[in-house]
2 protein chains.
Amino acid sequence: MLKFLCELASKDPVYPLQNRISRKQQAIADREQELLGIAFELVKQEGFANLTMERLTKLSPYSKGTLYNHFCSKEDVIVALCNAAMREELVLYRKARDFQGNSREKALAMHFAYLLASERNPVLFNCVLTAKSPFVQEKASQARTLMQQDLEKEITLLIDSLLAQAVEQQELRCDTESSMELMAFANWAMAFGGIALLLNARASHSISRLGGMNPFLFNLNTLLDGMQWQPLSADFDYQASWQRVAHEVFAAEMAELPASLQL
Amino acid sequence: MLKFLCELASKDPVYPLQNRISRKQQAIADREQELLGIAFELVKQEGFANLTMERLTKLSPYSKGTLYNHFCSKEDVIVALCNAAMREELVLYRKARDFQGNSREKALAMHFAYLLASERNPVLFNCVLTAKSPFVQEKASQARTLMQQDLEKEITLLIDSLLAQAVEQQELRCDTESSMELMAFANWAMAFGGIALLLNARASHSISRLGGMNPFLFNLNTLLDGMQWQPLSADFDYQASWQRVAHEVFAAEMAELPASLQL
DNA sequence: ACCTGAACACCGTTCAAGT
DNA sequence: ACCTGAACACCGTTCAAGT
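Numbers given to residues run from 1 along each chain, matching the order in which its sequence is written. All chains are assigned letters beginning at A, and all ligands numbers beginning at 1, according to the order in which they are written. Whole-chain, interface and lining totals are the exception, using all residues; otherwise, since this is a predicted model, local features are given only for residues with pLDDT of at least 70 and side-chain atom pairs are given and counted only at 80 or more. Hydrogens and waters are ignored; side-chain quantities use all the structure's heavy atoms.

For chain A, the name recorded in an unreviewed UniProt entry is TetR/AcrR family transcriptional regulator, with Rheinheimera marina as its organism.

J.: Which parts of the structure should I look at to understand the interface of chain A and chain B?
T.: Whether two residues touch is decided by their heavy atoms; if any such pair falls within 4.5 Å, the residues are in contact. At the interface, 45 residues of chain A touch 45 residues of chain B. The term buried area denotes the loss of accessible surface (1.4 Å probe radius) that occurs when two parts are joined, taken as the sum for both partners. Approximately 4200 Å² of surface area, both sides summed, lies buried where chain A meets chain B, with 76% of it carried by carbon and sulfur atoms. Definition used for salt bridges: Asp or Glu carboxyl oxygen within 4 Å of a side-chain nitrogen of Lys or Arg. Taken together, the connections running from chain A to chain B amount to 2 salt bridges. In protein, a polar contact requires one atom able to donate a hydrogen and another able to accept it; more generally it is a pair of N or O atoms within 3.5 Å, and residues adjacent in sequence count only if both atoms are side-chain atoms. On the surface where chain A and chain B come into contact, there are 6 residue pairs in polar contact (both at pLDDT 80 or more). Elements with a minimum of two residues in the side of chain A that touches chain B: α7 (122-132), α8 (134-137), α9 (142-168), α10 (177-200), α11 (205-208) and α12 (215-226) of chain A. Element by element, the count of residues in the side of chain A that touches chain B is highest for α10 of chain A, at 18 residues. Polar here means any residue other than Ala, Val, Leu, Ile, Met, Phe, Trp, Tyr, Cys and Pro, which are nonpolar, and Asp, Glu, Lys and Arg, which are charged; Gly is therefore polar. Of the residues that constitute the side of chain A that touches chain B, the class distribution is 23 nonpolar, 14 polar and 8 charged. Helix and strand labels come from DSSP, where a helix needs a run of H or I of at least four residues and a strand needs a run of E of at least two; each type is numbered from the N terminus.

J.: How should I be thinking about the protein's contact with DNA strand D in this particular structure?
T.: Note on definitions. A residue lies near a molecule or strand when any single heavy atom of the residue is within 4 Å of it. Lining the immediate environment of DNA strand D, one finds 15 residues, of which Arg31 and Thr66 of chain A together with Met53, Lys64 and Tyr68 of chain B sit closest. When atoms of DNA strand D within 4 Å of the protein are sorted by moiety, sugar and phosphate together comprise 61%. Note that a phosphate oxygen of DNA strand D is positioned 2.6 Å from one of the side-chain N or O atoms of arginine 31 of chain A. In this structure, a base oxygen belonging to DNA strand D sits 3.3 Å away from a main-chain N or O atom of glycine 65 of chain A.

J.: In this structure, what is going on with the pattern of salt bridges? I would like to understand it.
T.: Close approach of charged atoms allows side chains with opposite charge to pair. Taken as a whole and assessed by the stated rule, the structure comprises 30 salt bridges over all chains. With a shortest N-O distance of 2.8 Å, aspartate 225 of chain B and arginine 104 of chain B are connected by a salt bridge. Here aspartate 225 of chain B, found in helix α12 (residues 215-226), pairs with arginine 104 of chain B, found in helix α6 (residues 103-120); they are 121 residues apart in sequence, far enough to count as distant. Arginine 104 of chain B shares its class with aspartate 225 of chain B; the two are buried. Each of Glu32, Asp76 and Arg144 of chain A takes part in salt bridges that share partners, so that together they form one network. For each residue, the accessible area found with a 1.4 Å probe, counting protein chains only, is set against the maximum for its type, and the residue is called buried under 20%, exposed over 50%, and partly exposed in between.

J.: What should I look at first to understand helix α13 (residues 238-249) of chain B in this one?
T.: Each α-helix turn comprises 3.6 residues. Residues three or four places apart therefore point the same way. Residues and elements named next belong to chain B. Under the 1.5 Å per step criterion, the end-to-end length of α13 is 15 Å for 12 residues, consistent within 8% with the ideal 16 Å. Looking only at α13, the buried set comprises Tyr238, Ser241, Trp242, Val245, Ala246 and Val249. The buried residues of α13 occupy an angular sector of 140° when the element is viewed end-on, so they sit on one face. Exposed and facing more than 90 degrees away from the buried side of α13 are His247 and Glu248. As for α13, its buried residues are in contact with α5 (74-97), α6, α12 and α14 (251-256). The opening residue of α13, the one whose side-chain oxygen lies 3.2 Å from the backbone nitrogen of glutamine 239, is aspartate 237. For a helix, the expected span equals 1.5 Å multiplied by the residue count minus one. Here, the arc refers to the directions that run from the helix axis to the C-beta atoms.

J.: When you look at the domain arrangement of chain A in this model, what are you seeing that I'm missing?
T.: Many descriptions give the size of an interface as the accessible area lost when the pieces come together. Boundary definitions for the domains trace back to an automatic or database domain assignment. As assigned here, chain A comprises domain 1 (1-71) and domain 2 (80-261). Relative placement of domain 1 of chain A and domain 2 of chain A: their C-alpha centres are 28 Å apart.

J.: In this structure, what is going on with the packing of α10 of chain A against α12 of chain B? I would like to understand it.
T.: Each pair of packed helices gets described by two things: the angle between the helix axes and the distance between those axes. Note on method: axes are straight lines fitted to C-alpha atoms, helices fitted across the in-contact stretch only, with angles between N-to-C directions ranging 0 to 180 degrees. At a closest axis distance of 10 Å, the pairing of α10 of chain A and α12 of chain B adopts a crossing angle of 70°. The angle between α10 of chain A and α12 of chain B falls in the class roughly perpendicular. Listed contacts from α12 of chain B to Ser179, Leu182, Met183, Phe185, Ala186, Ala189 and Met190 of chain A of α10 of chain A are Pro215, Phe218, Asn219 and Leu223 of chain B. Angular relationships are summarised with four words: roughly parallel below 35 degrees, roughly antiparallel beyond 145, roughly perpendicular across 65 to 115, and oblique for the angles in between.

J.: Would you take a moment to explain the protein's contact with DNA strand C for this structure?
T.: Met53, Lys64 and Tyr68 of chain A together with Arg31 and Thr66 of chain B are the nearest of the 14 residues found near DNA strand C. Those atoms of DNA strand C that come within 4 Å of the protein belong to sugar or phosphate at a rate of 62%. In this structure, lysine 74 of chain A approaches DNA strand C through a main-chain N or O atom, which is 3.0 Å from a phosphate oxygen. One of the side-chain nitrogen or oxygen atoms of threonine 66 of chain B is found 2.8 Å away from a phosphate oxygen of DNA strand C. Sorting the residues of the surface near DNA strand C by element identifies α3 (53-59) and α4 (64-70) of chain A together with α4 (64-70) of chain B as the ones contributing at least two each.

J.: It is not clear to me how the relation of the copies chain A and chain B should be interpreted in this structure. Could you clarify?
T.: One copy of the chain maps onto the other through a rotation about an axis followed by a shift along the same axis. Under the fitted operation, chain A is carried onto chain B by 0.0 Å of movement along the axis and a turn of 180°, and the coordinates agree to an RMSD of 0.0 Å. Taken together, these values place the two copies in the relation of a two-fold axis. Interface overlap between copies: 100% of the residues of chain A at the interface are likewise at the interface in chain B, consistent with a symmetric, same-surface contact. The least-squares superposition of copies is restricted to C-alpha atoms, and to residues with a pLDDT of at least 70 in both copies.

Take a look at the structure:
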């Protein structure tokens, strides 16, 4: 359940790796992962309102004081969870990038990874937004906030290099320097908006009426067509690419998902 | 500040209008508006974490028990605020629809209205998302939840009729029945995603690097081009339309905005 | 019938006392 | 040096007592 937290434990920069990490430091890092794992279970089961320092203390073998030794506030826990989620996303993005296909198919694979991450863990997806809001941000520790910015930069870098590759292969045109950044943002906005609405507003009229249709591929095809990213959706079977991504890249991750969710 | 709450007071269906509303019912409806106004100020100043039943009680002339007479829970207050925000949005959408121009320009005006609503009141914009999350929804009163669905339907209707009009005028093609609903959703997702990210993640790398550029028009032009909504952005000056909307439709609302925000 | 506010269980954060 | 848990101020919700 929380293996993603464990395997990333030693990477947390709050306790930076040294050539030889002291036993004590390692113990502290381990405990932090243990605490984050419990916090993760709390939000997973009942949403964010269910995460309280009180409950976190009671479910852990430690005292409140010790919790506050790791996290300067409740918000700090939230940002820490969000960072773990982003690290997990990064792993998926790297897999997506290696998909065999043209540049637009690779972009599709990246979006698939984003959607997959949100389906695997809906609450953490929302976490990423709330964690960025100024009210949360200002109560979190600086170390954790900086870490978040680093992770974000790393993701941005991946996207940028994909766009650059597409331009190089002449499948995408990019008139000015700045329009590349605008294109990156447009992709993020479209994907984020679609997922956030689907996750949170499933009951809403204009979403429930979509019935069994999968709006993601439609959204993406429309946006990428608007960017004139070749080949256009009229000339290529991106539905097939979407299926290929599911089977060739993310078969393992898909298998973990509840059967009710077909991407 | 909270005039939008007042003018809509009598419309709240929790206390439905009758041919002759009793004096007592009117008093109750008034008090509810008063309470919502205070709640609004609380979230406006310091975000949602600042809204507590405790503070709401203290800032009002009433007791806790009376508050719970109006709102069955804290979440119920949030949904009530969200509904007020949606009513305000509706007013803007109606103004946008009457913009003189081709169908795609009208769509632009609708998006402008959405953006304007979010700039006028960032916290309530977020409110609309959190208010739809299942955890909040299940703690709110049914009356308020139903009201929310009605408001949503009304907004959807406006969008749908604009799309239908565009198809009728042959500026937009719509192959199947369902693709209209997909197009409506794509517009919502793009607009929502862009605004939510801009509001909450201004500090994030891939947003801060956009600098002074306004990504909204880019996002919209790209999406609507992808939908093949005529005339395409290459053949029409939508930048000019955007300015026209600001001046011709929303001059009054723009004037209220802090000068730092140029749409 | 409606309003009040005391009461209860819970929460976030701190810090003196302990090891 | 680090851990503990009592203490404090605050919060959401309820309900017996009042009018």
